[in-house]
Amino acid sequence: MQRGSLIKEGKAKSLYETDEPGLIWVEYMDQATALNGKRKHHIAGKGVVNNKIDTILFNYLISEGIKTDYVETLSDTVQINKSVKIIPLEVIVRNYASGSLQKKFNLPYLQKLNQTVISYCYKSDELDDPVINASEALGLGFIQPGDSERIQELTLQINDLLIERFAQANLQLVDFKLEFGKLPNGEIILADEISPDNCRLVDLTTKESLDKDVFRKSTGDLVTVYEEVLKRLEQSEEKAHV
Ligand SMILES: Nc1ncnc2c1ncn2[C@@H]1O[C@H](COP(=O)(O)OP(=O)(O)OP(=O)(O)O)[C@@H](O)[C@H]1O
Ligand SMILES: [Mg+2]
């Protein structure tokens, strides 16, 4: 597969055309941002570890019947994905109170929520990814009728699968962000990435943070923590396969 011209340089990944129609070349970069890109740092080794974690999790979801944009991992930093039209919503999924929800309702950290909470932000760096509801997203033409219901259904399935997979690695999935895209035939599939950049993970036993919170709060070395997540996923993968 040949890398073609640059389509988009994001904060974490660069997308390029390939010589095959419908497929894109996704390069995981050594970059971390916080506060919607206002704080940007070069972080050696982050691209490799996120690519590996994402590869494990997408292969797992595919093996459980979830349709995704993942095609193959070409190297330490490169994946081939299906090109989709990204639905411009960040789908935020919460199982325990943390972050903005914890703050908004003054909840105890990691309080278990009675049911999974799904909310949306409109993907716009310019507007700082504002919170949006399904009615607004429909009214503004960001989604079509039926999309929100399908996104919710897929999100709940993916959440159940990820909770279980992370638990095998002794990790608690507190909350995370997903992106979905549409194939040319209109089908909605899981896209983008799942990595500690967009998941809140804590050790199931000690509740120690193992995610981007160590970077947001400057409490630890990001790559060391991400490598710990990768190691646990790899070890539990070996166990799952014997
Ligand atoms: N399969 C795909 N097809 C097309 N675009 C994709 C696909 N998967 C992810 N993208 C998009 O690739 C871009 C680059 O990813 P990256 O994570 O670096 O973005 P980002 O800086 O977080 O930007 P954004 O605010 O747009 O999410 C994002 O806009 C993301 O939505
Ligand atoms: Mg991103």
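No experiment lies behind these values; they were computed from the predicted model shown. (Residues numbered from 1 in each chain as written. Chains lettered and ligands numbered in written order. Predicted model: local features only at pLDDT ≥ 70, side-chain atom pairs only at ≥ 80, totals over all residues.)

Trainee: Just to check I follow, could you spell out the overall build of the protein for this structure?
Mentor: Looking only at helices and strands, one finds 6 helices and 14 strands in the protein. In terms of overall dimensions, the protein is globule-like: its C-alpha atoms have a radius of gyration of 17 Å, near the 18 Å expected for 242 residues. Principal axes of the C-alpha set define a box for the protein whose edges measure 45 × 45 × 40 Å. Looking at the 242 residues of the protein, the share that counts as buried comes to 33%. Taking contacts inside the protein between residues at least 6 apart in sequence as the whole, the part at least 24 apart equals 54%. (Helix = DSSP H or I, 4+ residues; strand = E, 2+ residues; numbered from the N terminus. Rg over C-alpha atoms; globule rule 2.2 N^0.38 Å. Buried ≥ 20, exposed ≤ 12 C-beta atoms within 10 Å, placed from the backbone. Contact = placed C-beta atoms within 7 Å.)

Trainee: Looking at this structure, I do not really get the site of ligand 1. What am I missing?
Mentor: The full set close to ligand 1 counts 19 residues, and Gly10, Lys11, Ala12, Lys13 and Asp69 are the nearest of them. Where the shell around ligand 1 is concerned, the elements lending two or more residues are β2 (13–18), β7 (78–82) and β12 (171–182). Among the residues forming the shell around ligand 1, the class breakdown is 6 nonpolar, 4 polar and 9 charged. Counting contributing residues per domain, the shell around ligand 1 is built from domain 1 (3–82) and domain 2 (85–221), each supplying no fewer than three. (Near = placed C-beta within 6 Å. Nonpolar A, V, L, I, M, F, W, Y, C, P; charged D, E, K, R; others polar. Domains from an automatic or database assignment.)

Trainee: Explain the domain arrangement of the protein here, please?
Mentor: You'll often see interface size given as the accessible area lost when the parts meet. Per the domain assignment, the segments making up the protein are domain 1 (3–82) and domain 2 (85–221). Each of domain 1 and domain 2 was reduced to a C-alpha centroid, and the two centroids are 18 Å apart. Each side of the interface is counted separately: domain 1 has 18 residues, and domain 2 has 19 residues.

Trainee: Just to check I follow, could you spell out the sheet that holds β2 for this structure?
Mentor: Sheet strands associate in pairs through backbone hydrogen bonding, adopting either a parallel or an antiparallel arrangement. Sheet architecture is open: 5 strands sit in the order β1-β2-β3-β7-β6, paired in antiparallel fashion. Looking at which strands have only one partner, the edges of the open sheet turn out to be β1 (3–9) and β6 (70–73). Here the strands of the sheet are splayed against their neighbours by 30° on average, with no regard to which way each runs. Of the pairings in the sheet, the one linking β2 to strand β3 (residues 23–28) comprises 5 bridges and is antiparallel in character. (Pairing = 2+ DSSP bridges. Axes fitted to C-alpha atoms, helices over the stretch in contact; angles between N-to-C directions.)

Trainee: Mind showing me how you'd approach the pairing of strand β10 (residues 112–122) here?
Mentor: Taken residue by residue, a regular strand's side chains alternate between the two faces of the sheet. The sheet contact formed by strand β9 (residues 89–96) and β10 spans 7 bridges and is antiparallel. When the sheet's bridge partners are listed, valine 91 is paired in β10 with tyrosine 120. Pairing analysis gives 2 bridges linking β10 to strand β11 (residues 131–132), with the strands arranged antiparallel. Along β11, the bridge assignment pairs cysteine 121 with valine 131.

Trainee: How should helix α1 (residues 46–63) be read in this particular structure?
Mentor: Every α-helical turn comprises 3.6 residues, leaving residues that sit three or four positions apart pointing alike. Taking 1.5 Å of rise per residue, the 18 residues of α1 would be expected to cover 26 Å, and the 26 Å separating its terminal C-alpha atoms lies within 8% of that figure. If you check which residues of α1 are buried, you get Lys46, Gly47, Val49, Asn50, Asn51, Lys52, Ile53, Asp54, Ile56, Leu57, Phe58 and Leu61. (Expected span 1.5 Å × (residues − 1).)

Trainee: When you look at the nonpolar core in this model, what are you seeing that I'm missing?
Mentor: In globular proteins that are soluble, nonpolar side chains generally tend to be buried together. Residues Val91, Leu173, Phe180, Leu201 and Val229 are the most contacted members of the largest nonpolar core, which totals 47 residues. For this core, the secondary-structure elements that each account for two or more residues are α1, β9, α4 (147–168), β12, β13 (188–191), β14 (199–203) and α6 (222–241). The element that contributes the greatest number of residues to this core is α6, accounting for 7 residues. Residues from two domains meet in this core; each of domain 1 (3–82) and domain 2 (85–221) gives at least three. Aside from chain neighbours lying at most four places away, what touches valine 229 is Ile53, Leu171, Pro196, Leu201 and Leu210. (Core = buried A, V, L, I, M, F, W, Y, C linked by C-beta atoms within 7 Å.)

Trainee: Explanation requested: the pairing of β12 in the structure shown.
Mentor: Across 2 bridges, strand β8 (residues 85–86) lies against β12 in antiparallel orientation. If you follow isoleucine 86 over to β12, its bridge partner there is glycine 181. With 4 bridges joining them, β9 and β12 adopt antiparallel strand pairing. Across the sheet, residue arginine 94 finds its bridge partner in β12, namely aspartate 175. Pairing of β12 with β14, which is carried by 5 bridges, proceeds in the antiparallel orientation. Bridging across to β14, glutamine 172 finds its partner in valine 202. Both β12 and β13 contribute to a ladder of 4 bridges, which runs antiparallel.

Trainee: I'm lost on α4 in this one. Help?
Mentor: The first and last C-alpha atoms of α4 sit 32 Å apart over 22 residues, in line with the 32 Å expected at 1.5 Å per residue. Residues Ser148, Ile151, Ile158, Leu162, Arg165 and Phe166 constitute the buried set of α4. Projected down its long axis, α4 shows its buried positions confined to an angular sector of 110°, all on one face. Exposed residues lying more than 90 degrees from the buried face of α4 are Glu149, Glu153, Asp160 and Glu164. Positive phi shows up at asparagine 170, right after α4, with a value of about 55°. (Arc of directions from axis to C-beta.)

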